[in-house]
Amino acid sequence: MIIVNDVTKSFGGVAALQSLSVVIQKERITGLIGPNGAGKTTLFNVIAGALKPDSGTVVFDGTDITGMSPHQLFHRGLLRTFQIAHEFPTLTVRENLMVVPPGQTGESLLGAWLRRKEFGRSERAIARKADEVMDFLTIGHLADEKAGNLSGGQKKLLELGRTMMTDARAVLLDEVGAGVNPTLLNALARAISRLHWERGYTFCMIEHNFSLISRLCDPVIVIAEGKLLAEGAADKIRRDDRVIEAYLGAGYADRQEPANAAELR
């Protein structure tokens with residue numbers, strides 16, 4: 001689905017990505033891990049159009065998207081979430097979902113005035129879809145709550161829900177588990193797994209919780225110092241001496257085996 005080919009990105013002479021090449025497979029959940037400063041978020045920013053690489057290319061489903069803006073990629077079905085959720089705090093949960101679909105009649109003042117019947121039909125259809133998304137994520141009880149009042153985990157569920165309000169083909173998840181309590185983390189994991197298995201979503205997720213990565217992801221890509229360090233199944237990665245030294249820490253391979261992704265299906 002996504003091919004990053006020989007990408008380099010530097011800031012003030014310091015290379016965050018160094019001739020990095022990775023492949024994100026279609027209809028898979030790919031994990032992206034590495035120590036702090038490895039270049040993970042920079043890679044996401046390059047793929048999602050927030051940064052333009054100094055060299056190299058990014059290909060999305062056969063099309064070169066290098067340098068395209070985030071809104072152009074949104075219309076192509078490439079979306080991302082953020083480590084710190086970006087909600088509209090004064091809008092309700094339902095309203096945060098309803099603003100997502102592009103090209104709404106109500107976006108035009110004349111459209112809202114002169115095409116009232118179409119505007120009303122469109123609003124009702126979008127509201128129904130928002131309700132379906134909230135039911136899927138089990139946050140229907142929060143529909144009328146201001147998004148700014150939600151907990152960190154609830155905001156992450158809302159952000160995932162916003163990717164469901166459009167025709168997402170690939171979603172980049174940036175530390176979806178950061179600051180989320182275990183109950184909501186499990187809800188997030190189940191939602192991601194269901195979207196993958198039931199709707200064919202392609203995900204790539206940055207995450208420091210290796211247990212969560214092990215539950216959801218195959219394959220796992222490891223980068224360090226802006227370069228590809230290792231790639232493969234989670235069990236292989238957690239026993240790779242290079243990964244243990246660079247990221248997981250000595251003795252990790254002797255810890256209890258993480259849960260299997262099949263438990264979430």
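Note that the structure is a prediction, hence the values are computed from the model and not measured.

Visitor: Would you explain the sheet that holds strand β9 (residues 220-224) in this entry?
Guide: Across a sheet, paired strands are connected by hydrogen bonds in the backbone, their directions being either parallel or antiparallel. The six strands are arranged β6-β7-β8-β3-β9-β10 in an open sheet whose pairing can be described as mixed. The open sheet terminates on both sides in strands that have one partner only, identified here as β6 (78-80) and β10 (227-232). Strand after strand, the sheet turns through a mean of 20° between neighbouring axes, direction not considered.

Visitor: Teacher, can you tell me more about unusual backbone geometry here?
Guide: Leaving glycine out, the prevailing phi sign among residues is negative, and the prevailing peptide bond configuration is trans. Cis peptide bonds are those with omega within 30 degrees of zero, and the linkage from D218 to P219 qualifies with 10°. Not every positive phi belongs to a glycine, and E27 is a case in point at roughly 55°. For E27, the location among the structural elements is in the loop between β2 (14-24) and β3 (29-33).

Visitor: When you look at the pattern of salt bridges in this model, what are you seeing that I'm missing?
Guide: Opposite charge on two side chains permits them to pair, given that their charged atoms come into close proximity. Per the counting criterion, the structure on display carries twelve salt bridges. For the salt bridge of D54 with K9, the shortest nitrogen-to-oxygen distance reads 3.7 Å. With a gap of 45 residues between them, D54 in the loop between α1 (40-47) and β4 (55-60) and K9 in strand β1 (residues 2-11) connect regions that are remote in the sequence. Residue classification places D54 among the partly exposed positions, given a relative accessible area of 46%. With a closest N to O distance of 3.9 Å, R28 and D218 form a salt bridge. Here the residue R28 occupies a position in the loop between β2 and β3, and D218 occupies one in the loop between α8 (210-216) and β9, the gap between them amounting to 190 residues. Classification of D218 by relative accessible area gives partly exposed; the value is 39%. A cluster of three or more residues bridged by salt bridges with shared partners is formed by R94, D131 and D144.

Visitor: Sorry if this is basic, but what is going on with the side chain of T81 here?
Guide: By secondary structure assignment, the location of T81 is in the loop between β6 and α3 (93-98). Within the structure, T81 has its side chain in polar contact with the backbone nitrogen of D174 (distance 3.4 Å). Setting aside chain neighbours within four positions, we find T81 in contact with E159, T163, L172, L173 and D174.

Visitor: I would appreciate a short explanation of the environment of G232 in the present structure.
Guide: Examined against the element boundaries, G232 turns out to sit in strand β10. Residue G232 is classed as buried on the basis of its relative accessible area, which comes to 13%. Considering only alpha carbons, one finds G232 and P219, 13 residues apart in sequence, at a separation of 5.0 Å.

Visitor: Which parts of the structure should I look at to understand the packing of aromatic side chains?
Guide: Aromatic ring pairs: the centre-centre distance and the angle between the two ring planes describe each pair. Counted according to the given criterion, the structure contains one aromatic pair. With centroids separated by 5.6 Å and ring planes inclined at 35°, the aromatic side chains of Y201 and F203 adopt a geometry described as tilted. The buried category is assigned to Y201, whose relative accessible area is 7%. The side chain of R199 reaches across the aromatic face of F136, ending 4.7 Å from its centre.

About the cut-offs
Residues numbered from 1 in each chain as written. Predicted model: local features only at pLDDT ≥ 70, side-chain atom pairs only at ≥ 80, totals over all residues. Heavy atoms only, no water. Pairing = 2+ DSSP bridges. Helix = DSSP H or I, 4+ residues; strand = E, 2+ residues; numbered from the N terminus. Axes fitted to C-alpha atoms, helices over the stretch in contact; angles between N-to-C directions. Salt bridge = Lys/Arg side-chain N within 4 Å of Asp/Glu carboxyl O. Buried < 20%, exposed > 50% of the residue type's maximum accessible area, 1.4 Å probe, protein only. Polar contact = N/O pair within 3.5 Å; in protein donor to acceptor, adjacent residues only side chain to side chain. Contact = heavy atoms within 4.5 Å. Phe/Tyr/Trp six-rings, centres within 6.5 Å; stacked < 30°, edge-to-face > 60°. Lys NZ or Arg CZ within 6 Å of the ring centre and 35° of its normal.

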